[in-house]
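Secondary and tertiary structure notes
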Amino acid sequence: MPVRILVASESGPGLASLQRSVTKVGGKLFRSAPTVFTTCDGRELVQRLFMEGPVEMVFLDIKLSGSLNGVEAAAQIRQRFSSLEVPIIGLVPQSSSMGLESVDNKLFNELPEPQRVRIKVLIAEDSMANQMVIKRAVRKVARSLWGVEPDIDTVTDGAQAVNAALSNQFDIVLMDIYMPIMSGILATQDIRK
């Protein structure tokens, strides 16, 4: 079941931007893209929680307008769902003079630090020129897909690839087929045994 996150903030382009940011950060925190629901009304936020059940996290603008402001919505969530311990992250507009220090600190949680995902890659390639090209491509893909700098190990023959793969845990192994000492096909067979 996908991770569910609720975002309550003022409508407009800021809400769409916030939804994109929460989706990106949530993907890093939970290691999968979350389902992000948005609303501009505190009462709708509380009703959605009541009707649809718990979520993993709530991002709540404390200056939310409407029938329930952000602080009141957080208080109702804490009161109605006290056993669920839903993390509520209070958002304060930059232009606001009111900060979270003026709000009951039992209503809001601190945002957890995102866990850095580590991608470990083994490149088995006997050509140094090809190694450089592959490394560059792997770095580009890792940065764009996962937002991380990969750990890359290189070896120049199949026997070294087998030793490296069996003594380390790699997320990805890129194997050349034609290499000295042991071919990539034989090395892959040995690794999979």
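Residues numbered from 1 in each chain as written. Predicted model: local features only at pLDDT ≥ 70, side-chain atom pairs only at ≥ 80, totals over all residues. Heavy atoms only, no water.

**A closer look at unusual backbone geometry**
For residues that are not glycine, phi is negative in most cases, and the peptide bond is trans in most cases. Condition: Helix and strand labels come from DSSP, where a helix needs a run of H or I of at least four residues and a strand needs a run of E of at least two; each type is numbered from the N terminus.
Despite not being glycine, Ile-181 has its phi angle at roughly 65°, a positive value. Secondary-structure assignment places Ile-181 in the loop between strand 7 (172-175) and helix 6 (184-192).

**Remarks on the sheet that holds strand 2 (residues 35-39)**
Which entries qualify depends on this criterion: Strands are treated as partners if at least two bridges between them are detected by DSSP. Here an axis means a line fitted to C-alpha atoms, over the contact stretch when the element is a helix, while the angle between two N-to-C directions is reported on a 0 to 180 degree scale. We call two residues in contact when some of their heavy atoms are within 4.5 Å.
A sheet is described by the order of its strands in space; here four strands give the open sequence 2-1-3-4, paired in parallel fashion. With partners counted over all chains shown, the strands left at the sheet margins are strand 2 and strand 4 (88-91), one partner each. Neighbour-to-neighbour, the strand axes of the sheet open up by a mean angle of 15°, direction not taken into account. Bridging between strand 1 (residues 4-8) and strand 2 involves five bridges; their strand directions are parallel. In the sheet register, Val-7 faces strand 2, and the bridge partner there is Thr-38. The sheet contacts of helix 3 (residues 70-80) involve strand 3 (57-61) and strand 4, and relative to strand 3 the element is tilted by about 150°.

**Description of the environment of Gly-26**
Let me state the cut-off plainly: Per-residue accessibility, obtained with a 1.4 Å probe over protein chains only, is compared with the maximum for each type, and a residue is labelled buried under 20%, exposed over 50%, and partly exposed between these values.
Of note, Gly-26 is situated in helix 1 (residues 13-30). Classification of Gly-26 as buried rests on a relative accessible area of 2%. Separated by 31 residues in sequence, Gly-26 and Met-57 have C-alpha atoms that sit 9.2 Å apart.

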